[in-house]
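Descriptive structure summary
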Amino acid sequence: MKRNTLLLSLGPLLRKKEWFVYYLLVVMTLIFSALLHDSGFFSSANFINIMRQTAPVMVMALGLSFALSVRHIDVSIGAVVALSAVVCGLLLREVHMIFAILGALSVGLFAGVINGLLIEYLKTSSLLVTLGTMSIMIGIARSISGLESIPITNEHFIMLFGSELFMGIPTSLYWVAILALVAWLIVHCLTLGRHLLAVGKSPENALQLTISPVKVRMLALVMCSLFAAFAGLLYAARMQSARYALGEFDLLNVFIAVAIGSTQLVGNQMRVIGVICGALLIGLLNNGLILLGFTINTQLIVKGLVLVMVITLVHKELNNAK
Amino acid sequence: MLSDILAQHAISVTGLSKSLNGGKVLDDVSFSANEGEVIAVLGHNGAGKSTLVKCLTGMLTMDSGYIVRQSQTMQILSPLDARKLGIEAVHQNFGLIDELDVVSNFFLGRELHHDNLILKILGWLDKRLMRFLTGRALERLGCEFRDLDRLVKHLSAGERQLIAVARAIHFGAQVVVMDEPSSALGMSQVAQLQEVIRTISAQGVTVLLVSHDMPFVSEVCDRAIVLSKGRLVANIDIASISEGELYSYMMGRCHIKEPDNSLNALLQAS
Ligand SMILES: Nc1ncnc2c1ncn2[C@@H]1O[C@H](COP(=O)(O)OP(=O)(O)OP(=O)(O)O)[C@@H](O)[C@H]1O
Ligand SMILES: [Mg+2]
């Protein structure tokens, strides 16, 4: 009897979707800590390592949330990561670091504008358009890199974006924090955040209030690609090389992160902290599975299952999706 | 000469027609309104009242016809056009975004920013000022929201309607068009709304009022235009007729020849 009332009072709390990601994070940490108590999973060094590895995914997931919030699905972000890293690597050989960084970011800007123009003016599916631009960008990245991995030796660049420790924390994580703050400010303090939500909820109502859905959706896609281009910089600096295959497997990770971290996948206000925690969860899962001795094949299967589970359990609003 | 006459009006609508899905919803509708005049738009369900409102606010573009304002002839092609003309509307669906709070909805599409140049370029919201102005505008309608941060979806239909009405009145510099502004309001709120409509009309704002609430209409309106099947069938001085006559106008009865048809239309609409 007593147990029943406890469960009843816990029920509504547990069913709160916005808490889901935090429960999972705790549960997963506990499970892996128990399973891996002798292989150093539960150590600050390993957690820093996980964060360092997950930094690009966190940034990409934040970007993707912008696109999803206006009901666009952008699958070209993996390709933007690769192209931005390759462009950055090539430019670092020739010009000052600043221009290499600007070059890489302009890849994102350009990709976002092209995606946006194609989607809005052809009035067609964002999924299919970005599938097309993904292929185009991968093709470009492969050809300008000559299928070679481009070594990056610029120490300043590596220090600025890489795994170099600053006050005990890798510099890449400072960038994650800065970009998360930027995203948070956009959502909560800037006009753009209101307009993103308005357009995501009801383009007709937004139009009625003289908000241009086309303009807002374009901006969302540009933010999405810009964040991906930034993830490219983080990758290049961490790997100290740029390859056309960077970001290849990240699309799945990013989608899982966003799916776990948000209460409603499309057309909703983005949840910055939730999405970061979602990415962290994927990092934990990857790391834990590796330490448990699973191969990448098993990891892929597990993550695929996780995505399907999260989508069916948490995102019931998608049940009738076309 | 003609344009001189038209120029005296705050707004004139001439030859407005609109088809939706092949059916003619508005057919050659023409009327004028003076500054500060309160005009009722009457007609049975499906007569085209909301379509008229949408054409005036740029939600729908008119197929033919034009608007004359300050001796300028123009068409309203987008909500922005309407906003530039000082036309503001309460739509039948209220036009609110459920997942935003009261203040955000009130200022949606015309957010206020801080004065600082950089913050202005970034679009940094001046939340305090917006909240203050929202509170004041709602207070004017006799509605004191305890919590302006509540999401609109958690509010009652009446409260939502008040927000839409307060917004239109606050921003409607020249013409305020209201589609059923009192359908979800309580008695005292309707009285407040009447008061506010009188105030803004005294300030020279023209009000177009779509309503089925007859006491409300006869209380606050100067004139009524009647739509039936998309045509303007009457343009009457409210003071000159009785409530009973007004009621039959409202049902669009007067100018429909076959009673069977109107009955059918009513049955279909309900
Ligand atoms: N999008 C549309 N496509 C086709 N027909 C439409 C559309 N919107 C409205 N109509 C038709 O136009 C006619 C007028 O609609 P409207 O909404 O303007 O009527 P109304 O006078 O506002 O009615 P109510 O009193 O029910 O609000 C109706 O017969 C309706 O079926
Ligand atoms: Mg209507």
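Being a predicted model, the structure only gives us computed values, none of them experimental. (Residues numbered from 1 in each chain as written. Chains lettered and ligands numbered in written order. Predicted model: local features only at pLDDT ≥ 70, side-chain atom pairs only at ≥ 80, totals over all residues. Heavy atoms only, no water.)

Residue and element names in this part refer to chain B. In spatial order, the strands read S6-S7-S8-S3-S9-S10; together these 6 strands make up an open sheet with mixed pairing. Only two strands of the sheet have a single partner each, and these edge strands are strand S6 (87-90) and strand S10 (231-237). Geometrically, the sheet is characterised by an average inter-axis angle of 20 degrees between neighbouring strands, direction not taken into account. Sheet topology note: the strand S9 (residues 223-228)/S10 ladder contains 6 bridges and is antiparallel. In the strand pairing of S10, valine 226 is matched with alanine 234. (Pairing = 2+ DSSP bridges. Helix = DSSP H or I, 4+ residues; strand = E, 2+ residues; numbered from the N terminus. Axes fitted to C-alpha atoms, helices over the stretch in contact; angles between N-to-C directions.)

Let us now look at the UniProt feature "transmembrane region" (unreviewed entry) in chain A. When the UniProt feature table is mapped onto this chain numbering, "transmembrane region" (unreviewed entry) sits at residues 20-37, 49-68, 75-92, 98-119, 126-144, 173-197, 218-236 and 272-294 of chain A. Helix makes up 96% of residues 173-197 of chain A and strand 0%. Its end C-alpha atoms lie 28 Å apart. (UniProt positions renumbered as here; feature names shortened; annotations may be inferred.)

With that settled, consider the nonpolar core. In terms of nonpolar packing, the biggest core is built from 109 residues, with Leu62, Phe66 and Phe157 of chain A touching the most fellow members. Of the residues forming this core, the biggest block, 15 residues, is contributed by helix H11 (residues 213-239) of chain A. Phenylalanine 157 of chain A has contacts with Cys88, Leu92, Met97, Ile101, Ile152, Gly162, Leu233, Ala236 and Ala237 of chain A, leaving out every residue within four places of it along the chain. Counting 52 residues, the second largest nonpolar core, distinct from the first, contains Leu125, Val217, Val220 and Leu246 of chain B. (Core = buried A, V, L, I, M, F, W, Y, C linked by side-chain atoms within 4.5 Å. Buried < 20%, exposed > 50% of the residue type's maximum accessible area, 1.4 Å probe, protein only. Contact = heavy atoms within 4.5 Å.)

For the rest of this paragraph, the subject is the sheet that holds strand S4 (residues 64-69) of chain B. Residue and element names in this part refer to chain B. Spatial strand order, S2-S1-S4-S5: 4 strands in an open sheet with antiparallel pairing. Pairing within the sheet leaves two strands with one partner each, and these edge strands are strand S2 (23-33) and strand S5 (72-74). Strand after strand, the sheet turns through a mean of 20 degrees between neighbouring axes, direction not considered. For strand S1 (residues 11-20) and S4, the ladder comprises 4 bridges, and the chain directions are antiparallel. Note on S4: the bridge partner recorded for serine 12 is valine 68. Contacting S1, S2 and S4, helix H2 (residues 49-56) crosses the sheet at an angle of about 115 degrees to S1.

Moving on to the interface of chain B and chain A. Contacts between the two partners involve 23 residues from chain B and, on the opposite side, 18 residues from chain A. Between chain B and chain A, roughly 1,900 Å² of surface is buried when both sides are summed, and carbon and sulfur atoms account for 64% of that area. The partner of lysine 201 of chain A in a salt bridge is glutamate 99 of chain B, and the shortest N-O contact between them spans 3.8 Å. Summed over the shared surface of chain B and chain A, the result is 9 residue pairs in polar contact (both at pLDDT 80 or more). Counting only elements with at least two residues in the side of chain B that touches chain A, the list comes to helix H3 (79-84) and helix H6 (127-140) of chain B. At 3 residues, H3 of chain B tops the list of elements feeding residues into the side of chain B that touches chain A. (Buried area = accessible area lost by both parts, 1.4 Å probe. Salt bridge = Lys/Arg side-chain N within 4 Å of Asp/Glu carboxyl O. Polar contact = N/O pair within 3.5 Å; in protein donor to acceptor, adjacent residues only side chain to side chain.)

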